[in-house]
Structure formats: structure tokens, C-alpha cells
Amino acid sequence: MTASSAKQPTTPTAEHPLFICYSRCSTCAKARTWLRDHNVDFTERDIKEDRPTQEELTAWLDMSGLPVRRFFNTSGQAYRSQGLSKRLPQMDTEQALQLLSTDGMLVKRPILLDGRHVLVGFRQQQWEDWLANTNENSHNS
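Please read these numbers as outputs of a predicted model, since none were measured by experiment.

**Q** Tell me about the packing of helix α2 (residues 54-64) against helix α5 (residues 93-100), residues and numbers included.
**A** It is at 8 Å that the axes of α2 and α5 come closest, and there the two elements cross at 125°. Between α2 and α5, the crossing angle belongs to the class labelled oblique. Every pair of crossing elements has a handedness; the one defined by α2 and α5 is right-handed. Counting all contacts with α2, which are made through Gln54, Leu57, Thr58 and Leu61, the residues of α5 involved are Thr93, Glu94, Leu97, Gln98 and Leu100. Taken together, the residues of the contact of α2 with α5 break down into four nonpolar, four polar and one charged.

Below, the structure is given as C-alpha cells:
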């Protein structure tokens with residue numbers, strides 16, 4: 001298992017995805033364990049130390065097909081302290097992405113990127129479907 005530094009220029013692929021997490025997050029720990037248990041070789045990036053840029057978030061949003069609100073960590077202290085449950089509905093997508101880029105703790109985690117797919121949050125069935133699809137595609141190449 002490689003635990004490469006995310007500071008190195010790495011383009012995530014299905015064979016070597018980028019796992020964006022927060023070290024003190026229990027959900028991230030579960031997702032990391034799941035990746036290791038399934039022999040997924042990944043690069044890990046700490047979302048607090050190396051927060052996503054607005055450009056990255058824009059690309060991930062486009063790739064995911066999700067609404068921008070799904071990228072917010074709605075259970076986090078930063079979200080609550082800024083009153084974002086009331087403010088977010090009035091923001092356009094660009095404003096919301098700009099805000100997300102200012103504080104990694106606002107971003108829902110973990111995030112798994114493979115260059116074509118973005119998984120936001122850890123829902124085991126979704127990750128299992130991703131892995132099955134990845135394995136199927138690697139055997140068909």
C-alpha cells in the first residue's frame with residue numbers, strides 16, 4: 001500500500017485513486033480501512049492541511065453530477081458556526097465553491113477521486129459499486 005504525499009503531482013486513476021480525508025474523522029478512518037481491506041492502492045491527502053482549491057472543487061462538482069450542497073460538511077462546527085444552513089440556499093454555485101475552498105473543514109469527507117468519478121462521503125455500497133466497476137473496466141481494457 002502506498003501512502004504517497006499528496007504534494008507530489010499525482011493524477012488520480014482507477015488503479016491509484018486520491019483519498020481526501022481528515023485524520024481525526026472516524027468516517028474517514030472507516031473508509032481508509034475499507035480501501036486497505038480491498039487492496040486499493042491510493043494516495044492520501046489531508047483536507048485540513050492541503051485544502052481543495054476552487055478549481056479542484058469545480059472540476060469535482062462537474063465530474064460528480066451532485067448538487068454543490070452535497071460537498072458541504074453539514075455536521076461540522078465550521079458549517080454551524082457560520083450559519084451556512086441559512087446562507088447556503090442564497091449562494092450561487094460559484095460563491096459556494098469559493099467558500100468551500102477557504103476551509104477544508106467545510107468540505108464533506110472523505111472524497112475519493114479516480115480521474116473519472118468522485119465519491120463524496122463514505123457510503124459502503126457506493127464504494128463497493130465503484131470498485132466493482134473499476135475492476136470490471138480494468139479487465140475489459
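**Q** Outline the environment of proline 89, supporting the account with residue identities and numerical values.
**A** Among the secondary structure elements, proline 89 is positioned in the loop between α4 (84-87) and α5. The exposed category is assigned to proline 89, whose relative accessible area is 60%. Sequence separation of proline 89 and arginine 69 is 20 residues, and the distance between their C-alpha atoms is 8.7 Å.

What counts, and at which threshold
- Residues numbered from 1 in each chain as written.
- Predicted model: local features only at pLDDT ≥ 70, side-chain atom pairs only at ≥ 80, totals over all residues.
- Heavy atoms only, no water.
- Axes fitted to C-alpha atoms, helices over the stretch in contact; angles between N-to-C directions.
- Helix = DSSP H or I, 4+ residues; strand = E, 2+ residues; numbered from the N terminus.
- Parallel < 35°, antiparallel > 145°, perpendicular 65-115°, else oblique.
- Left-handed = near helix turned anticlockwise from the far one by under 90°.
- Contact = heavy atoms within 4.5 Å.
- Nonpolar A, V, L, I, M, F, W, Y, C, P; charged D, E, K, R; others polar.
- Buried < 20%, exposed > 50% of the residue type's maximum accessible area, 1.4 Å probe, protein only.

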